[in-house]
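# Examining the three-dimensional arrangement
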Amino acid sequence: ARQLKLNTVCEEAQCPNIGECWGGGTATFMVMGEICTRGCRFCAVKTRRKGVTLDPDEPKNVANAIAEMELDYVVVTSVDRDDLDDQGAGHFSACIESIRRRAPQTKVEVLIPDFCGRTELLAKVTLSGPDVLAHNVETIRRLTRKVRDPRAGYDQSLAVLSHIKDIDPNMLTKSSIMVGVGETEEEVKETMIDLRKAHVDFLTLGQYLQPTKRHLKVADFIHPDVFEEYRRFGEEIGFKYVASGPLVRSSYRAGEFFIRDYINKSRAS
């Protein structure tokens, strides 16, 4: 990854699970540079009005790194690129296609921005054929304006997830909720119900940890018993899999192990 000048969200977002995932055949690559055009209050990634110039070799380099590392499951995500005409949808598509050619056995999950709700951009990525298409709602409705960039929206994120299923009803979708930012248990469950109404298949819930003193403060540290209750509730309302725990993140080794096996079994049947 260093030789090919690739970024990983594992490092840029200061993920606490980096050792577990990298040691277990999973990595999350962050494409389109390390500068995000949005400034969510929880995120450690650098933010500016304009991102870096896209590297046309990045899709090929990501695919080569995945093949050489012999990854069995890979997540490709990105910073937000509101400064680009297509907001990076074409670059995502090129990455998926390159990985398919170079590492056809690797399961590919892409974690995408909201593309400002533009359905033609969402279709471009969906029709490129990832195994899982993820977009994070991040928090409950009431706290969205406090936690996320003003250009992001709770209903817009739900619409993105719902529209993926309109484009390809068989596409597996995934989302993630942070807790510990001031929400109630009832509000978390309401968000989970909203995600199921959007036909989301997989869900992760994890504790928010403040990356620096400049970022949003932690309101509460959620007890493991509450995470277990969220897991049980999620399975009761129809999620195929729920990863719920203090150190769970959107890209999480245990969840990806389950999803990989689910995909294999689905294809076999």
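In this report, the structure presented in the accompanying data block is examined. All values derive from a computational prediction rather than experimental measurement.

### Remarks on helix α7 (residues 154-167)
Taking 1.5 Å of rise per residue, the 14 residues of α7 would be expected to cover 20 Å, and the 20 Å separating its terminal C-alpha atoms lies within 8% of that figure. Every buried residue of α7 is accounted for by Tyr154, Ser157, Leu158, Val160, Leu161, Ile164 and Lys165. Down the axis of α7, the buried set is contained in an arc of 155 degrees. They therefore lie on one face. On its buried face, α7 sits against α5 (119-126), β7 (132-134), α6 (144-147), β8 (172-179) and α8 (185-197).

### Describing α8
Under the 1.5 Å per step criterion, the end-to-end length of α8 is 19 Å for 13 residues, consistent within 8% with the ideal 18 Å. By the burial criterion, the buried members of α8 are Glu187, Val188, Lys189, Thr191, Met192 and Leu195. Here the buried face of α8 lies against α7, β8, β9 (202-207) and α9 (224-236). Note on α8: the residue one or two positions beyond its end, His199, has a positive phi of about 65 degrees.

### Let's talk about unusual backbone geometry
Phi at Met32 is positive, roughly 70 degrees, even though this residue is not glycine. Inspection of the secondary structure assignment puts Met32 in the loop between β2 (26-31) and β3 (35-36). Despite not being glycine, Gln87 has its phi angle at roughly 55 degrees, a positive value. Summarising the element assignment, Gln87 is placed in the loop between β5 (73-78) and α4 (89-102).

### With respect to the nonpolar core
Counting residues in each nonpolar core, the largest one holds 34 residues, and the members touching the most others are Phe29, Ile66, Phe92, Val110, Ile112 and Val125. The next biggest cluster of nonpolar side chains, apart from the first, holds 29 residues, and it includes Leu143, Met178, Val179 and Ile222.

### Considerations on the pattern of salt bridges
A full pass over the atoms with the stated rule returns 23 salt bridges. Among the ionic pairs, Glu229 bridges to Arg232, the shortest N-O distance being 2.9 Å. With Glu229 and Arg232 both in helix α9 and three residues apart, the pair spans about one turn of that helix. You can call Glu229 partly exposed: its relative accessible area is 25%. We note a salt bridge from Arg260 to Asp261, for which the minimum N-O separation is 3.4 Å. Through salt bridges with shared partners, a single network forms among Arg38, Asp80, Asp82, Asp114, Asp149 and Arg151.

### Comments concerning the environment of Thr191
Mapped onto the elements of the fold, Thr191 is located in helix α8. Looking at Thr191, the relative accessible area reads 1%, which means it is buried. Thr191 sits 51 residues away from Ile140 along the chain, and the two C-alpha atoms are 5.9 Å apart. Those residues within four positions of Thr191 in sequence are excluded, and the remaining contacts are Val137, Thr139, Ile140, Arg141, Tyr154 and Ile177.

### Some remarks on the environment of Glu138
Positionally, Glu138 belongs in the loop between β7 and α6. The exposure class of Glu138 is buried, given its relative accessible area of 15%. Between the alpha carbons of Glu138 and Val179 there is a distance of 8.7 Å; along the sequence they are 41 residues apart. Look past the residues within four positions of Glu138 in its chain and what remains in contact with it is Phe42, Arg148, Ser176, Ile177 and Met178.

Criteria and cut-off values
- Residues numbered from 1 in each chain as written.
- Predicted model: local features only at pLDDT ≥ 70, side-chain atom pairs only at ≥ 80, totals over all residues.
- Heavy atoms only, no water.
- Helix = DSSP H or I, 4+ residues; strand = E, 2+ residues; numbered from the N terminus.
- Expected span 1.5 Å × (residues − 1).
- Buried < 20%, exposed > 50% of the residue type's maximum accessible area, 1.4 Å probe, protein only.
- Arc of directions from axis to C-beta.
- Contact = heavy atoms within 4.5 Å.
- Core = buried A, V, L, I, M, F, W, Y, C linked by side-chain atoms within 4.5 Å.
- Salt bridge = Lys/Arg side-chain N within 4 Å of Asp/Glu carboxyl O.

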